[in-house]
Amino acid sequence: MNQMDVNSDIRTKQKPKSGANDKWVLRLYVAGQTPKALTAFANLTKICEEQLKGKYSIEVIDLMKNPQKGAADQIFALPTLVRKLPVPVRKIIGDLSNTERVLIGLDLLPVS
Amino acid sequence: MKKAERKNSIINLPKTPTGILGFDEITLGGLPTGRPTLVCGGAGCGKTLFGIEFLVRGATQFNEPGVFMSFEETSEELTINVASLGFDLNDLIKNKKIVLEHVHIERSEIEETGEYDLEALFIRLGYAIDSIGAKRVVLDTIESLFAGLPNQLILRAELRRLFRWLKNKGVTAIITGERGDETLTRQGLEEYVSDCVIMLDHRVTEQTSIRRLRIVKYRGSLHGTNEYPFLIDETGFSVLPVTSLGLEHIVSNERISSGIKELDEMLEGKGYFRGSTVLVSGTAGIGKTSTAAHFAEAACKRGERVLYFCFEESPSQLMRNMLSVGIKLEPWVRKGLLRFQATRPTLYGLEMHLAVTHKYVNEFKPDVVILDPINTFVTGDKEFEVKTLLVRIVDFLKVNQITALFTSLTSSDCRLESSDVGISSLIDTWLLLRDIELNGERNRGVYVLKSRGMANSNQIREFVLTKHGVELRDVYIGANGLLTGSARIAQEALENSAVLTRKHDLELKKREIVRKRREMEAKVETTLADFGSEEAEAIKIIEEEQEIIKQLELDKTEMAKSRKAGIGKIATKTL
């Protein structure tokens, strides 16, 4: 938990740097209401609320219901988070429990 | 026994025919139905193609749609790549026979955060399978996942799950894998796929590449264990299972002419057996090709189809050269009875040659196949391989009842019989052409070294190339051994003159007798004539004497009359 706090400090500094007023479009691919999917969604909303409040949208795609959608974003692992906007497209796989990795993946944190 | 086992294996393990030429034969039916098969091998050995062909043949020949999941090439790349092999993927995709699914994994785009699984892959694959009702699946090359995903633990667990999932789906799957240093595959995929493992190999020996296929394991089934050569050409994959054949071919009692009358005479007057293997060996320039061409021409005249592989001359050169000895091959080519296949032996590896032979034979369906010459294959010390190759060709041709004629060049510095790449045991009829050097001449002799199943001549005959083709002459045995060429002609002349002299003598004797008879007759005639005249004279004298006697008596009577004596008494008393 301590680490999380440290992270959030750095995050605040980074925030204006990355993309400013751009709208963030995020897609979360899951397959049914699995524990991993739920964890990932919870983690994602938490991070977004903290980092991108007000300028993000999350679309959850359930491949169980729409299996054909997996091919378009080249999804092979679940859960996968895809940052559609801002470009370039980024993919983060896993339940997003490692917040630091997520932030690096989303380009919200410079790789140190 | 073999048959019974085969029957068993079919009952025990259902198999899915791949449709790949020859492969179904060595696996006795194909790949295990509903199970994954691992196809591994180094780069460029044809793994992807094997997979693609499995799907394409399945879709086109066995009505089994298939899914190709590619981890390396995109659908477009793949379509173009296999189009060169005559597969129209776009068409099959349109007709819902094949689905190409490209899974792109870019390490740099991926960030791993916590727990995940590969469920999306399953879903995509499952969706693709269900969308066309696929029975066949190819995953090419799943090992790319290892490069894309850092977490090996998850990956390995997921792969295990994937293969189980594939089995549950009931699809026949091919998983390709790159060959590793010590293991069959770099990532040890064989650990997960244990039903059937096929190894493809691509080796270069002496600048010739040879592709080989081996079935490393096939659970629950018999299979050929050898390394089988295979090739990839414009019609796809073909595996050559030729050595799997036993020596069970049917034999024919039919005899076919060799095209050379005198040679037929040496072979019981009938020629070769149909379906037998004939070897014509000899030193350079001895007339091997002419013998072969004669045979080809004779076969064409009988209306049979001849496939002529020439490895040293181009067809047109060969036809021109044969024209000089009066063998016209060109009309037969135009009629479509004779076909030439000219390739340099070094063009490709031995297996490729075998495969090409197979392919053309299957295509052209000849009655006679000629390989001219076979020993150009031998480059370096590949004798053993050449022998295996020839065994396979011979077997293949025999099974198909094709009469084969091979020519073989023997170098003059080694024994004629031994140098023929060790294939003598395969040969049914072996003609040896040899040069006979005598009296400053080099002449050709031919003899039948062996001929299975016939009482062949033991003679060495002189072999002469004339404008009307090959002719065999009797060989004269003189005081100095064999007489050939001008020595033979001299001998012939000598014999001819001897006969002539005798004839003369006989004439002379006959005339003598006639003369003597005439002489004798003439003598007889003169004697007769002499006798005749003597006789006539004698008669004349006798008559004259009698006249005189008569006259004397008359005179006596007259005298008596004049004396008046009794004539009668006196006459009677005196006479």
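Note that the structure is a prediction, hence the values are computed from the model and not measured. (Residues numbered from 1 in each chain as written. Chains lettered and ligands numbered in written order. Predicted model: local features only at pLDDT ≥ 70, side-chain atom pairs only at ≥ 80, totals over all residues. Heavy atoms only, no water.)

The subject of this paragraph is the overall build of chain A. Of the regular secondary structure elements, chain A holds three helices and four strands. Each helix (α) and strand (β) of chain A, taken in turn from the N terminus, gives the series α-β-α-β-β-β-α. Sorting the 112 residues of chain A into buried and exposed places 47% on the buried side. Once local pairs closer than 6 in sequence are excluded, the contacts in chain A between residues at least 24 apart make up 65%. Of the roughly 5,700 Å² of accessible surface on chain A, 56% is carried by carbon and sulfur atoms. (Helix = DSSP H or I, 4+ residues; strand = E, 2+ residues; numbered from the N terminus. Buried < 20%, exposed > 50% of the residue type's maximum accessible area, 1.4 Å probe, protein only. Contact = heavy atoms within 4.5 Å. Areas by Shrake-Rupley, 256 points an atom, 1.4 Å probe, with all protein chains shown as cover.)

The next thing to look at is the packing of aromatic side chains. Residue and element names in this part refer to chain B. Applying the stated criterion across every chain, the model contains eight aromatic pairs over all chains. Both rings, one in Phe23 and one in Phe50, keep their centres 5.1 Å apart while their planes meet at 80 degrees; by these two values the pair is edge-to-face. Pair noted here: Phe23 is in helix 2 (residues 23–26) and Phe50 is in helix 3 (residues 47–61), with a separation of 27 residues, a long-range link. Accessibility expressed as a relative area gives 0% for Phe23, which makes it buried. By relative accessible area, which is 0% here, Phe50 ends up buried. Residues Tyr308 and Phe340 carry aromatic rings whose centres are separated by 5.1 Å and whose planes lie at 45 degrees to one another, so their mutual orientation is tilted. You can see Tyr308 sitting in strand 16 (residues 306–310) and its partner Phe340 sitting in strand 17 (residues 338–342), a full 32 residues away along the chain. On the accessibility criterion, Tyr308 (0% relative accessible area) is buried. Grouped by ring-pair contacts, the aromatic residues Phe23, Phe50, Phe230 and Phe237 constitute a single cluster. (Phe/Tyr/Trp six-rings, centres within 6.5 Å; stacked < 30°, edge-to-face > 60°.)

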